[in-house]
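# Notes for the structure review
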Amino acid sequence: MTERNHRDSDRARRAKSRLALLNASEFKRETFYALENIQKAKWPGRIVGSALFVLIVLNAILVFVSTQPGLDPVAAGVIRWFYRFSTACFFVEYLARIWIADLAFGDISPRRARFKYIFSVWGLIDFLSFGPNMVAWFFPVTPLLNNIISVVRLVRLLKISRYMRGLRTIGRVVAKHYHEIVASFLVIGLLIVVSSVVMYEIEHPAQPDKFNNLLSGVYWAVTTVTGTGYGDLVPITPAGRMVGSVIMLLAVALVAIPGGIFSAGFVAEFQNANLRKIERDVRRSEHDDSDDDDGGDDSSDSTTSTLSS
């Protein structure tokens, strides 16, 4: 019943959003399509949306190119000006997304919709994609500030995920199975804490240079539980090896739990997507049939009136 209520509320929210789109001006509606649903946009909106996508991809590429040592001064200058151009474009995009937020969240008031976007995860990502770089235009850039801006610039890489439907599916799976995922990771974290303390107490007298503090035990536990096993920190005492074997066997079972949750969530999400597609097709066919029936009735009525006359 809860899932049905959730679908009904989501359907009502989409209906209100469609109504808000219909009532919006042509320019605002095209701006919304260019940023949120490029397939429905006209050719100017498609050009803008595609150009924005290309700009994000180029920024992702230049993040790696600009970090290369010994970069040519001319190339460095071109990259610097390209970053400034990208900052201005992302700033305009951010303002446009604030403007069309009432269309994206059509079930609430425009003011609340804009605040909802600004303080959402995507709103923060969009702000960080231009905010720190724009600060450098008006304030002196120290080496520390330059390093911070270079790190924050990596946020632009996250903007490309807006165009990947697979990542949206991951987000829906995490949202629906949030409690199960958190519980499974808490169990894994508890195993890491317990095993790190036990292993430190066992191995510290035999290897004081290796297991010199509790953090070294945590490092060993993480590499063991995750199956990485670098081999730079290993137990050498019989008790330590026995405990390590037990922990590895437990880790095999516990680490598989989040994977199973994600797998089941993906299967359920794709099944729901197929069901939604079937429901849309059924509603569309019913709507077409009703239109045909109305047309048939109109034609029969007109025929009857003609004969009677």
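Above this note sits the structure.
Summarised in this report is the structure supplied together with it. Starting from 1, residues in each chain are numbered consecutively following that chain's sequence as written. Thresholds applied to this predicted model are a pLDDT of at least 70 for local features of residues and 80 or more for the giving and counting of side-chain atom pairs; totals over whole chains, interfaces and linings are not thresholded and use all residues. Water and hydrogen atoms play no part in the side-chain values, which are based on all heavy atoms of the structure.

Runs of E in the DSSP output that reach at least two residues are strands. Runs of H or I that reach at least four are helices, and both are numbered from the N terminus. A count of helices and strands for the protein gives 13 helices and zero strands. Sequence-ordered secondary structure for the protein, helices as α and strands as β, is α-α-α-α-α-α-α-α-α-α-α-α-α. Put simply, 64% of the contacts in the protein that link residues at least 6 apart link residues at least 24 apart. To be clear on the numbers: accessible area is Shrake-Rupley with a 1.4 Å probe, and residue cover counts the displayed protein chains and nothing else. Roughly 19700 Å² of accessible area belongs to the protein as shown, and the carbon and sulfur atoms make up 68% of that amount. The contact criterion used throughout is that any non-hydrogen atoms of two residues lie within 4.5 Å.

Among the residues of helix H7 (residues 121-128), those classed as buried are Gly123, Ile125 and Asp126. Angular distribution of buried residues about the axis of H7 spans 160°; they occupy a single face of the element. Categorising residues by exposure relies on relative accessible area from a 1.4 Å probe, with only protein chains included: less than 20% of the type maximum marks a residue as buried, more than 50% marks it as exposed, and the intermediate range marks it as partly exposed. In this context, the arc is that of the directions from the helix axis out to the C-beta atoms.

Okay, the packing of aromatic side chains next. What counts as a ring pair is set by centres within 6.5 Å for rings of Phe, Tyr and Trp (its six-membered ring), and what kind of pair is set by the plane angle: stacked under 30 degrees, edge-to-face over 60, tilted for all other angles. Enumeration over the complete set of coordinates arrives at eight aromatic pairs. A ring pair is formed by Phe27 and Trp99, whose centres lie 5.8 Å apart and whose planes are at 40°; its orientation type is tilted. With Phe27 in helix H2 (residues 26-36) and Trp99 in helix H4 (residues 73-99), this residue pair connects regions lying 72 residues apart in the sequence. Residue Trp99 is classed as partly exposed on the basis of its relative accessible area, which comes to 33%. Plain terms: the ring middles of Tyr94 and Phe130 are 5.2 Å apart, the flat faces sit at 50° to each other, and that makes the pair tilted. Of this pair, Tyr94 sits in helix H4 while Phe130 is found in the loop between H7 and helix H8 (131-138), placing the two residues 36 residues apart along the sequence. Under the relative-accessibility criterion, Phe130 is labelled buried at 4%. Sitting over the face of the ring of Trp81, Arg84 holds its NZ or CZ atom 4.5 Å from the ring centroid. By definition, being over a ring means that NZ of Lys or CZ of Arg is both within 6 Å of the ring centre and within 35 degrees of the ring normal.

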